[in-house]
Amino acid sequence: MVSYILKRLAMSLLIIYIVISLSFFMIRLMPGNPMAALEAQLRMQGGLSEVEIQQRINAVYSVTPDAPVWEQYVQYVWGAVRGDLGRPITNPGTTVVAVIAEALPWTIMVVAVSLIISFIIGIAVGAMMAAFQSSRFSQSMTFIVSFLSAIPSYLVAIALLYVLTSVYQVFPSGGAYGVDVTPGFNGPYVISVLYHAILPIAASVITSFGGWALGMKGSAVSVLGAEYVRAAESRGLSDRRITQSYVGRNSMLPMVTQLALSVGFMFGGSVFIETYFQYPGIGFYMIQSVGQRDYSLMMGCFLLITVSVIITNLLVDMLYPLVDPRIANPAARARAADQPSDTDQEVLPAGGSMA
Amino acid sequence: MRFLSDLWRILRHDKGALIGGAIVLIYCLAAIFGPMLVEVGNEQDASQAYLAPSLEHPLGTDSLGQGVLSQIIVGTRPIMIVGVLSAVITVFVGVAIGLLTGYVGGVADTVIMRITDIFLTIPGLPLIIVLASVINTTNPVVLACILSITAWAGLARAIRSQAMSLRSREFVEAAKLQGVSLGNMVGRQLLPNVGPYVAIHFLLAITGAIYASVGLFLLGVAPISGNNWGIMINLAMAQGALYTTDSAFYLFSPMAAIVILQVAFVFFSRALDSVFNPRLRVQ
């Protein structure tokens, strides 16, 4: 168990390191890279001495531009490790970390809530579809669910915006809370936050619960046909016992694996949803910084999205032994590995291959 | 031609899949022949702006007085080209890596699978946005490469696990004893056995690439030039289509075009799934 977690931890750190390096190379080493562009721009402005120019660049990207490349690289990585990601070009008064720290809780709230809601709805609908196979309910649900899961989330966002904020002005069209409430733990503020979060959450739930339902249906149907379920039935166990301990638990297994994969997908989708609902989360700032060519903020957002995804993956990995005891027990794991499992071939991530 | 007759038999009984397949076919034809039949001119006529649907312009006009329908037809080609190109790259890389590592195994397998894990963990869409903002994506091939930057990893993993179970089968054993080359082993022996899976994944990769590429144009990350659905929605939103009701057709027509295509792909791929996977037909 400990070695399993340590292995996952080492892998996570490696990925974070790679993403930090990637962001350095993109900022510094690309032909016509943003750092050289900033330097040229500052020269063009005139009135700045060479030292001042170097200082400005140092402030924005937290590296010394005239040092050798490897030294800059070490500076950049060390800065990122200490939590210093430089300053946004468009707003040098603050730091990238401060902007992100303000934005991240909103994104995490929306992503987490919509993931949980769509997971629960999807699992329930999928289980019902598997329980009443070939009923009219199941057939029409299959159609509705495949239809909804094929629609890109940003189109649902635009449609919701059009109908519910413009034609019928039921919901606010932007922001995380109203201007008339004071932030803090009080009734009006909490209500305002929920009120503003409904549309972004609805947009991602509508498009993502279908994937869960289809996956759950497929997995439950294949478990229903398994020998151990028939054995449990012939032993005369109660329906409730069979549904919970035999069918439910085993068909949930691939779904929990999916959960880890879909976190990354949800964070990706939140970029669109936050931009359209002008919800001040990390995706919103990322797109804004892309539009303003603000590369230090953009790479900071990307780094933080990656780290959030990795941390949630780690959490799911630690949760996994609870659902599947074979993972924690090495002997059972070896036995399970001997039989080639085809769970990862059967279930496609919600959203196809973009997850 | 067993495959085609099988496909037809399934399609005949599954109306959703039949309609899906027909729609995909229509879109392909529109992508190939559309720009020859319809033309979107450069002339601007403000007096013709935001017209209601008429015989001349079945879906109304945009802010410059040009027909929305003809723009949608012309815009099909760039979207389909990028989608298909990206799916080809995704499938090629994913299958090649999956089959090779699954068959060869050993240290190479471990190392390459660790790299695959990295690509699997990094969130795809943010990486695509970041890359597209630094790299010039006017060339569709470059855009397709960026779109498939992480998509291949999932396929490679799935194909690898299939290749590993194929490795111990008799026909692989027999081919090995005949001393066939590695290329023959992978291309001639293993590939046909994972073909069905690859075909379905190819369709899903197209939908994924269309989702991401339209998204890039929507957000304005990819350069706004030429004419495609993402650019249309982007312009419509920028011109305040949300706040006036006249431009509803201009905003919702390209959205409908995307939704219809994506849904058609999903339903069609379900039919393909049951052609290749007889187990599913029983259910």
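Residues numbered from 1 in each chain as written. Chains lettered and ligands numbered in written order. Predicted model: local features only at pLDDT ≥ 70, side-chain atom pairs only at ≥ 80, totals over all residues. Heavy atoms only, no water.

Observations concerning the overall build of chain B
Each helix and strand in chain B was counted, giving twelve helices and zero strands. Along chain B, from the amino end to the carboxyl end, the secondary structure elements read α-α-α-α-α-α-α-α-α-α-α-α. Pairs at least 24 residues apart make up 71% of the contacts formed inside chain B by residues separated by at least 6 positions. As displayed, chain B has an accessible area near 12700 Å², and 65% of this comes from carbon and sulfur atoms. (Helix = DSSP H or I, 4+ residues; strand = E, 2+ residues; numbered from the N terminus. Contact = heavy atoms within 4.5 Å. Areas by Shrake-Rupley, 256 points an atom, 1.4 Å probe, with all protein chains shown as cover.)

Concerning the overall build of chain A
In terms of regular secondary structure, chain A is built from 14 helices and zero strands. When the helices and strands of chain A are placed in sequence order, the string is α-α-α-α-α-α-α-α-α-α-α-α-α-α. Put simply, 68% of the contacts in chain A that link residues at least 6 apart link residues at least 24 apart.

Comments concerning helix α10 (residues 229-238) of chain B
Across the ten residues of α10(B), seven count as buried, placing the element largely inside the fold. Among all positions in α10(B), only B:W229, B:G230, B:I231, B:M232, B:I233, B:N234 and B:A236 are buried. For α10(B), the elements touching its buried residues are α7 (153-167) of chain A together with α2 (15-37), α3 (68-104), α9 (182-219) and α11 (248-276) of chain B. With a side-chain oxygen lying 2.9 Å from the backbone nitrogen of B:G230, the N-terminal cap of α10(B) falls on B:N228. B:G240 sits one or two residues past α10(B) and shows a positive phi near 75°. (Buried < 20%, exposed > 50% of the residue type's maximum accessible area, 1.4 Å probe, protein only. Polar contact = N/O pair within 3.5 Å; in protein donor to acceptor, adjacent residues only side chain to side chain.)

Considerations on the packing of aromatic side chains
For the structure shown, the criterion picks out 13 aromatic pairs over all chains. An aromatic cluster is defined as three or more aromatic residues linked by ring pairs; in this entry it consists of A:F24, A:Y73 and A:Y76. (Phe/Tyr/Trp six-rings, centres within 6.5 Å; stacked < 30°, edge-to-face > 60°.)

Things to note about the layout of surface pockets
Reported here for the second largest pocket is a volume of approximately 460 Å³. Taken together, 20 residues line the second largest pocket, and the ones lying closest to its centre are A:T275, A:Y276, A:Q278, B:L218 and B:M237. The element best represented in the lining of the second largest pocket is helix α11 (residues 282-291) of chain A, accounting for five residues. Here the lining of the second largest pocket is composed, by residue class, of twelve nonpolar, eight polar and no charged. (1 Å grid on protein atoms, 1.4 Å probe; cavity = no way out; pocket = protein on both sides within 12 Å on 5 of 7 lines; lining within 4 Å. Points joined across faces, edges and corners; volume = space filled by probe spheres on them. Nonpolar A, V, L, I, M, F, W, Y, C, P; charged D, E, K, R; others polar.)

Section: the UniProt feature "transmembrane region" (unreviewed entry) in chain A
Mapped onto the present numbering, the UniProt feature "transmembrane region" (unreviewed entry) falls at residues 12-30, 106-131, 143-164, 193-214, 259-277 and 297-316 of chain A. Along residues 143-164 of chain A one finds 91% helix and 0% strand; the C-alpha atoms at either end are 25 Å apart. (UniProt positions renumbered as here; feature names shortened; annotations may be inferred.)

A few points about the pattern of salt bridges
Charged atoms that come close allow side chains of opposite charge to pair. All names here are of chain B. Counted under the stated rule, the structure contains three salt bridges over all chains. With a shortest N-O distance of 2.8 Å, R160 and D109 are connected by a salt bridge. Pair noted here: R160 is in helix α7 (residues 151-166) and D109 is in helix α4 (residues 106-121), with a separation of 51 residues, a long-range link. Side by side, R160 and D109 carry an identical accessibility label, which is buried. A salt bridge links R157 to D117; the shortest N-O distance between them is 3.1 Å. With R157 in helix α7 and D117 in helix α4, this residue pair connects regions lying 40 residues apart in the sequence. Taking relative accessible area as the criterion, R157 reaches 23% and is therefore assigned partly exposed. Under the relative-accessibility criterion, D117 is labelled buried at 17%. Taken together, the shared-partner salt bridges connect R114, D117 and R157 into one network. (Salt bridge = Lys/Arg side-chain N within 4 Å of Asp/Glu carboxyl O.)

Description of the nonpolar core
The biggest cluster of nonpolar side chains holds 132 residues, and the ones touching the most others in it are B:I129, B:L216, B:W229 and B:L251. Broken down by element, this core gets its largest block of residues, 17 residues, from α11(B). Mapped onto the domain boundaries, this core takes at least three residues apiece from domain 1 (1-82) and domain 2 (99-286) of chain A. With sequence-adjacent residues up to four places away left out, B:L216 is seen in contact with B:I128, B:I129, B:A132, B:L143, B:L147, B:V221 and B:A222. (Core = buried A, V, L, I, M, F, W, Y, C linked by side-chain atoms within 4.5 Å. Domains from an automatic or database assignment.)

Some points on the domain arrangement of chain A
Domain annotation of chain A identifies domain 1 (1-82) and domain 2 (99-286). Taken over C-alpha atoms, the centre of domain 1 of chain A sits 37 Å from the centre of domain 2 of chain A.

Here's the deal with α11(A)
Of all ten residues in α11(A), seven are buried; the element is thus mostly enclosed. Looking only at α11(A), the buried set comprises A:I282, A:G283, A:F284, A:M286, A:I287, A:S289 and A:V290. Contacts made by the buried residues of α11(A) are with α5 (96-131), α10 (239-276) and α12 (295-323) of chain A together with α5 (124-134) and α9 of chain B. Positive phi appears at A:R293, one or two residues downstream of α11(A), with a value of about 55°.

Re the UniProt feature "transmembrane region" (unreviewed entry) in chain B
All names here are of chain B. The UniProt entry lists residues 16-38, 79-103, 115-135, 141-159, 198-222 and 249-272 under the feature "transmembrane region" (unreviewed entry), expressed in the numbering used here. End-to-end, the C-alpha atoms of residues 115-135 are 23 Å apart, and along that stretch the chain is 86% helix and 0% strand. Helix makes up 100% of residues 249-272 and strand makes up 0%, while its end C-alpha atoms are separated by 34 Å.

Concerning the interface of chain A and chain B
Counting residues at the interface gives 53 residues for chain A, matched by 57 residues for chain B. Together chain A and chain B conceal approximately 4800 Å² of surface at their shared face, both sides included; 78% is due to carbon and sulfur atoms. Seen at the junction of chain A and chain B, the total is zero salt bridges. Counting across the chain A and chain B interface gives two residue pairs in polar contact (both at pLDDT 80 or more). Of all the elements in the fold, those that place two or more residues in the side of chain A that touches chain B are α1 (2-28), α6 (136-150), α7, α10, α11, α12 and α14 (343-346) of chain A. (Buried area = accessible area lost by both parts, 1.4 Å probe.)

Quick look at the side chain of A:S262
All names here are of chain A. By the element assignment, S262 lies in helix α10. For S262, a relative accessible area of 6% puts it in the buried group. The residues contacting S262, other than those within four sequence positions of it, are L115 and W212.

Here we look at the environment of B:A96
Residues and elements named next belong to chain B. Structurally, A96 is set in helix α3. Assessed through its relative accessible area of 29%, A96 is described here as partly exposed. It is 9.4 Å that separates the C-alpha atoms of A96 and R160, two residues lying 64 residues apart in sequence.

Here we look at the side chain of B:S148
All names here are of chain B. For S148, the location among the structural elements is in the loop between α6 (140-147) and α7. Reaching out from S148, the side chain makes a polar contact with the backbone oxygen of A144 at a distance of 2.8 Å. When neighbours within four sequence positions are excluded, S148 is seen to be in contact with S86, I89 and T90.

A look at the environment of A:N186
Summarising the element assignment, A:N186 is placed in the loop between α7 and α8 (187-224). Separated by 79 residues in sequence, A:N186 and A:T107 place their C-alpha atoms 21 Å apart.

Topic: the packing of α3(B) against α6(B)
All names here are of chain B. One way to put it is that α3 packs onto α6 with a least axis distance of 8 Å and a crossing angle of 50°. As far as their axial angle goes, α6 and α3 are oblique. Crossing geometry of α3 relative to α6 is assigned as right-handed. Touching I81, V82, L85, S86 and I89 of α3 are P140, V141, L143, A144, C145 and L147, all from α6. (Axes fitted to C-alpha atoms, helices over the stretch in contact; angles between N-to-C directions. Parallel < 35°, antiparallel > 145°, perpendicular 65-115°, else oblique. Left-handed = near helix turned anticlockwise from the far one by under 90°.)

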